[in-house]
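Structural characterization, general
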Amino acid sequence: MHRFLDLKGVENEFICGGDVHGTPLELEALERGEDPRDIKDEQNQKVKDAYESLKVDFSIFSDTHSDFNRKQTHDMFEELYCNGLINEKTQTMPYCQDDERFLPDRYIEGECPHCGGLARGDQCDDCGKLVEPEEIENPECQICGGNDIEFKDTDHLFLDLTEFKDELMDWVENENPVPKNMENQVLHDIEEAEYRSITRDQDWGFRVPVERVNERIEEENLDLEKLDPETYDGKVLYVWFDAPIGYIGFTRELFDDSEDWREHWNQDAEIYYSIGKDNTIFHTVIFPTMLLGASSDEMEYALGEYEFIQQYLMWEEGAFSKSRNRGIFIDEAVEHYPADYWRFYIAKMLPTDHDTNFSWEDFEAEINNVLNDT
């Protein structure tokens, strides 16, 4: 789409970057005995190099730990909190007795209660359903590998996903922002949405902007509880809070934080996303709620279109998985065949309606008989 719009003379920006606040990076840092900040640039450069090897030409490829994204994340958090859409709740979370720490998200793994596949503390890799840690069967700590896990209470901040249900339902039904084959799932996810935790007990990530929120509450005499600095001293914002905000943060970075970035995110902008189906609930329920809730007279954010919600491209009937060493990956692929072979094949086989299966025989046939012969 980016190149097509360029050819048509339509102004557009192709925005992307790494969501580096995820627990996989922090777990790797623990294994290597390094600070996540020291390896996130290295990891993100590998991803950028991989895309460039396929001749993907982003307008900007950044990462979610940038100062621009920190500013945008804190701006939106402040608006959401001061608009009454973020509330404190006590949550029961897994706690490793051996490591003496809570185990958010991918720090805990086990069997999915829905399909029996590999489930982490926030989502199942196999069926894509959101999974709460206490639902996981046979849980294991990913730091020490032990099973001495108990559940303890800890205070966290939750985003209210109920406030804009009517608006989101209307958006999906009347503006058709998602493919028809995904519409029922998105409507179901909106209907089922309630509250979602947006903080975690860990060090890697953006801190909760306690001071600036409390100052605004005081200045505007808002009828809201102030945030307790001690409670949130050892917590950070959840990766899936600041990750989609990264698109906006990257745009601010592209325009060096000039006012021009707003033209690409206000009500006059046309915004298109390309995502995988496992990210659907985050992008079509949680992020739109954040955009609506953080809008103000100064900046009214536009909702986008998700016409590219891709199904899975499977590897010999199983999902591609870097952690399980299953599949062929970009850095390996371009060593075997030219980038244009892969670009053609992936574009032709893009799984938009249902999962499709990669096979070397099919790849060979498509390249020889269609691309090179037809």
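Please refer to the structure higher up on the page.
Residues numbered from 1 in each chain as written. Predicted model: local features only at pLDDT ≥ 70, side-chain atom pairs only at ≥ 80, totals over all residues. Heavy atoms only, no water.

1. Focus: the sheet that holds strand 7 (residues 137-141)
Strand order in this open sheet of 3 strands is 6-5-7, and the pairing throughout is antiparallel. Each edge of the sheet is formed by a strand with only one pairing partner; in this case those strands are strand 6 (118-120) and strand 7. Between one strand axis and the next, the sheet turns through 30° on average, direction left out of account. Pairing of strand 5 (residues 108-111) with strand 7, which is carried by 3 bridges, proceeds in the antiparallel orientation. Bridge pairing links Glu-111 to Glu-137 in strand 7. (Pairing = 2+ DSSP bridges. Helix = DSSP H or I, 4+ residues; strand = E, 2+ residues; numbered from the N terminus. Axes fitted to C-alpha atoms, helices over the stretch in contact; angles between N-to-C directions.)

2. Quick notes on the sheet that holds strand 14 (residues 313-315)
Across the sheet, 3 strands lie side by side as 15-14-16; this open sheet has mixed pairing. Two strands in the sheet have a free side with no partner beyond their single neighbour: strand 15 (318-319) and strand 16 (356-358). Inspection of the sheet shows strand 14 paired to strand 15 by 2 bridges, in the antiparallel sense. Bridging across to strand 15, Trp-315 finds its partner in Gly-318.

3. Observations regarding unusual backbone geometry
For Asn-138, which is not glycine, the phi dihedral falls at a positive 50°. Its location among the elements puts Asn-138 in strand 7. Judged by relative accessible area, Asn-138 falls into the exposed class, the value being 56%. Phi at Asp-257 takes a positive value of approximately 60°, unusual for a residue other than glycine. Structurally, Asp-257 is set in the loop between helix 8 (239-254) and strand 12 (272-276). (Buried < 20%, exposed > 50% of the residue type's maximum accessible area, 1.4 Å probe, protein only.)

4. Remarks on the environment of Gln-91
You can see Gln-91 is positioned in strand 3 (residues 86-96). Sequence-wise, Gln-91 and Asp-75 are 16 residues apart; in three dimensions their C-alpha atoms are separated by 25 Å. Apart from residues lying up to four places away in sequence, Gln-91 is in contact with Glu-132, Lys-152, Asp-153, Thr-154, His-156, Phe-158 and Ser-197. (Contact = heavy atoms within 4.5 Å.)

5. Some words on the packing of aromatic side chains
Centre distance and the angle of the planes are the two values used to describe a pair of aromatic rings. Per the stated rule, a full pass over the model turns up 25 aromatic pairs. Where Tyr-51 meets Phe-58, the ring centres are 5.3 Å apart and the plane angle is 90°; that geometry is what we call edge-to-face. Using a relative accessible area of 30% as the deciding quantity, one classes Tyr-51 as partly exposed. On the basis of an interplanar angle of 80° and a centroid distance of 6.4 Å, the ring pair of Trp-171 and Tyr-306 is categorised as edge-to-face. Taken together, the residues Trp-171 in helix 5 (residues 165-175) and Tyr-306 in strand 13 (residues 305-310) connect sequence positions 135 residues apart. One Lys or Arg, Arg-200, reaches over the ring of Tyr-238 and ends 3.7 Å from the middle of that ring. (Phe/Tyr/Trp six-rings, centres within 6.5 Å; stacked < 30°, edge-to-face > 60°. Lys NZ or Arg CZ within 6 Å of the ring centre and 35° of its normal.)

Everything listed is a geometric property; what it means functionally is a separate question.
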